[in-house]
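Residue strings, one per chain:
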Amino acid sequence: MKNNYFNYHIPSLKQSWGLVLVFIAASVLASPIQVVTNGLSIPYAVSFLLIFGWVLLQGKICFNAGGLPLRINMPDFGKMNPVSFFVILALVVLSIGVLVEPIASLIPMPDAIKELFEKVFDSEKPMDLVVSTTLLAPICEELFCRGLILRGLLARISPTKAILWSAFIFAFIHMNPWQAIPAFALGCFFGWIYYRTHSIWACIFMHFVNNGMSSLMMLILPDMETDATFAEVLSAGNYAALLAVSAAVLVGGIILLNKKLKSNEEIISFKVQANTQE
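Residues numbered from 1 in each chain as written. Predicted model: local features only at pLDDT ≥ 70, side-chain atom pairs only at ≥ 80, totals over all residues. Heavy atoms only, no water.

(A) Structural view of the overall build of the protein. A count of helices and strands for the protein gives 11 helices and zero strands. Start at the N end of the protein and walk to the C end: the helices and strands fall as α-α-α-α-α-α-α-α-α-α-α. Within the protein, the fraction of its 278 residues that count as buried is 43%. Relative to all contacts within the protein whose residues are 6 or more apart in sequence, the contacts with residues 24 or more apart total 84%. Surface accessibility of the protein: about 13800 Å² in total, with carbon and sulfur atoms responsible for 68%. (Helix = DSSP H or I, 4+ residues; strand = E, 2+ residues; numbered from the N terminus. Buried < 20%, exposed > 50% of the residue type's maximum accessible area, 1.4 Å probe, protein only. Contact = heavy atoms within 4.5 Å. Areas by Shrake-Rupley, 256 points an atom, 1.4 Å probe, with all protein chains shown as cover.)

Right under this line is the structure:
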């Protein structure tokens, strides 16, 4: 396509919440498909097709009005070797998951919600689980929350506010606190990486690592309770060691990334003519 209309839609915070309403409406419209197919992949894909169709329409309107594009993906990994960069991202993402889990586990999960999760993430349907959680979710949700919403907010407000708002929206669209708490923590890190590298593929990769590990655990341990925690599975000593290693990886990884990645001013100026879309 000569003109990628997706790049022309640079939403403000108000417009971002409008997109969340579109997301909710699309999810409701696609929900009957889940009943018919008894799976998650097809309705999930349909809901995001509706969302991105709306975004492309808005982008075309902005293009016709003379708006300027802000590309979704312009990666710059600074002084880091790409392989080392992605390895560190994977380790930091896994460490965040470990460290946030005790906080999320403080909220008791009702039996009705637990049964719903077990039905949605059915290990007896591995292909549907893998496609929906490790393929579709990383691509679709990162394009939506980082490639669209965060990109737009970075063009309009301070980086800190933009990252926090996009992380909050990322948590909000999960619609439950047991996923929302880790989603917010991960969303802050994903957003910071996008801000420093402008790489949507880095965000998709991190999301893939997080969801892939969860899916793998469900497949290899199908009898494990949905709300089971590391503290319940591991001995006290091993759990303490896991927390200590995760904290060290998180702190060390962020320090290294902060040192090696370029500052945002050296990568790209996000302050383009975003006011043309107000």
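(B) The arrangement of helix α6 (residues 159-172) in detail. Helix length check: α6 (14 residues) gives 20 Å between terminal C-alpha atoms against 20 Å at 1.5 Å per residue, within 8%. Of all the positions in α6, only Ala162, Ile163, Ser166, Ala167, Ile169, Phe170 and Ala171 are classed as buried. Where the residues of α6 are buried, they touch α1 (13-37), α5 (126-154), α7 (177-197) and α8 (200-220). (Expected span 1.5 Å × (residues − 1).)

(C) Structural detail: the pattern of salt bridges. With the rule as written, the count across this model stands at two salt bridges. The residue Asp76 makes a salt bridge to Lys262 at a minimum N-O spacing of 3.4 Å. In this pair, Asp76 is assigned in the loop between α2 (41-64) and α3 (82-104) and Lys262 in the loop between α10 (236-260) and α11 (264-267), connecting sequence segments 186 residues apart. (Salt bridge = Lys/Arg side-chain N within 4 Å of Asp/Glu carboxyl O.)

(D) Layout of the nonpolar core. The biggest cluster of nonpolar side chains holds 55 residues, and the ones touching the most others in it are Phe85, Phe144, Phe189, Ile193 and Leu257. For this core, the elements supplying multiple residues, two or more each, are α1, α2, α3, α5, α6, α7, α8 and α10. Here this core gets 10 residues from one element, more than from any other, and that element is α5. Those residues in contact with Phe189, other than ones at most four positions away along the chain, are Leu89, Val92, Val93, Ile96, Met206, Ile254 and Leu257. (Core = buried A, V, L, I, M, F, W, Y, C linked by side-chain atoms within 4.5 Å.)

(E) Just the side chain of Asn211, in detail. Topologically, Asn211 is positioned in helix α8. With relative accessibility at 15%, the residue Asn211 sits in the buried group. Among the polar contacts made by the side chain of Asn211, one reaches the side chain of Asn210 at a distance of 3.2 Å. Contact partners of Asn211, with chain neighbours within four places excluded, come to Thr133, Thr134, Ala137 and Pro138. (Polar contact = N/O pair within 3.5 Å; in protein donor to acceptor, adjacent residues only side chain to side chain.)

(F) Quick peek at the environment of Phe144. Note on placement: Phe144 falls in helix α5. In this structure the C-alpha to C-alpha distance between Phe144 and Phe23, which are 121 residues apart in sequence, comes to 9.5 Å. Excluding residues that lie within four positions of it along the chain, Phe144 makes contacts with Leu19, Val20, Phe23, Phe48, Ile51, Phe52, Ile149 and Ile173.

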